[in-house]
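Spelled out from the first residue to the last, the chains are:
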Amino acid sequence: MLNTEKTRIAVLVSGGGTNLQALIDAQNAGIIKSGTISLVVSSSPKAYALERAKNAGIETAVADRHSYSTKEEFEKQLIAFLDEKKIELIILAGFMYILSPAFIAHYRDRMINVHPSLIPSFCGDGFYGLHVHEAALAYGVKVTGATVHFVNEVTDGGKIIMQKAVDIQEDDTPQTLQKRVMQEAEWKILPAAAELVSAQIMNEKRSNQ
């Protein structure tokens, strides 16, 4: 039976869902105990992340921007759907869509994102996926990592929740670095941050009862 006190989490995805899988595994391992992944929303109906969610028994939905005439209408319907499902925390896990200030304001301090660098390095507009690791290697930094932060109106500009460093090796390529940053940093701090914020939201609900 669902513990109604737990923070209800929606994970927004667009691709393979490796970070989603890390969250599911963390929930199963008891690392995420103050929240429950209640919904996975994909911007693409072909995203393998949807299969990961279905395999875990998690409800899924597809939010296709191209089905709506305007961005405003798309986000209005997405907010209505998330609110209908009583979602309290949104986790962006490879969601390849820039959300508007109005959407962000609706979930102020209730939406988090993982970025594959130590913010403020290699972040902001244009820094996503392999581009981040290509930039780190081109610049010659010796340490990179990942950051989980709250989402605000500035790309990768919200308050930092958690960071973890990863050493760069001499023979690294963007692909090998991306994989190691995911394994050693993203897959560890994203679930930990999800638990931290879920616990904060749960405590706020209790104090308001």
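Details of the structure are given in the entry above.
Here's a quick rundown of the structure. All of these numbers come straight from a predicted model, not from anything done at the bench.

The periodicity of an α-helix, 3.6 residues per turn, causes residues three or four places apart in sequence to face the same way. Turning to helix α5 (residues 130-139), its buried residues number three or more, namely Val-132, His-133 and Ala-136. Viewed along the axis of α5, the buried residues span an arc of 90 degrees, placing them on a single side of the element. In this fold, the buried residues of α5 make contact with β5 (111-115) and α6 (174-208).

Here strand β2 (residues 35-42) pairs with strand β3 (residues 59-62) via 4 bridges, running parallel. Residue pairing in the sheet places Leu-39 in a bridge with Glu-59 of β3. Remark: the β2/helix α2 (residues 49-55)/β3 crossover connection has right-handed handedness.

Right, let's talk about helix α3 (residues 71-84) for a bit. Taking 1.5 Å of rise per residue, 14 residues should cover 20 Å, and α3 covers 20 Å from first to last C-alpha, within 8% of that figure. Inspection of α3 places Phe-74, Glu-75, Leu-78, Ile-79 and Leu-82 among the buried residues, and these make up the whole buried set. Taken end-on, α3 shows its buried residues confined to a sector of 130 degrees, consistent with a single buried face. Exposed and facing more than 90 degrees away from the buried side of α3 are Glu-72, Lys-76 and Glu-84. For α3, the elements touching its buried residues are β1 (7-13), β2, β4 (89-92) and α4 (101-106). Just past α3, the residue Lys-86 takes up positive phi, approximately 60 degrees.

Rules of the game
One numbering rule holds for all chains: residues counted from 1, following each sequence as written. With pLDDT at 70 or above as the cut-off, local features in this predicted model cover only qualifying residues; side-chain atom pairs require 80 or more to be listed or tallied, and sums for whole chains, interfaces and linings still use all residues. With hydrogens and water set aside, each side-chain value is computed from the structure's full complement of heavy atoms. For every residue, the accessible area obtained with a 1.4 Å probe (protein chains only) is divided by the maximum for its type, and the residue is called buried under 20%, exposed over 50%, and partly exposed between those limits. Only DSSP runs of H or I with at least four residues qualify as helices, and only runs of E with at least two residues qualify as strands; both kinds are numbered from the N terminus onward. The arc in question is traced by the directions running from the helix axis to the C-beta atoms. Should any heavy atoms of two residues lie within 4.5 Å, those residues are considered in contact. Two strands are said to pair when DSSP picks up at least two bridges between them. When the strands point away from the viewer, a crossover counts as right-handed if the route from the first strand across the helix to the second turns clockwise. What a helix should span is 1.5 Å times the count of its residues minus one.

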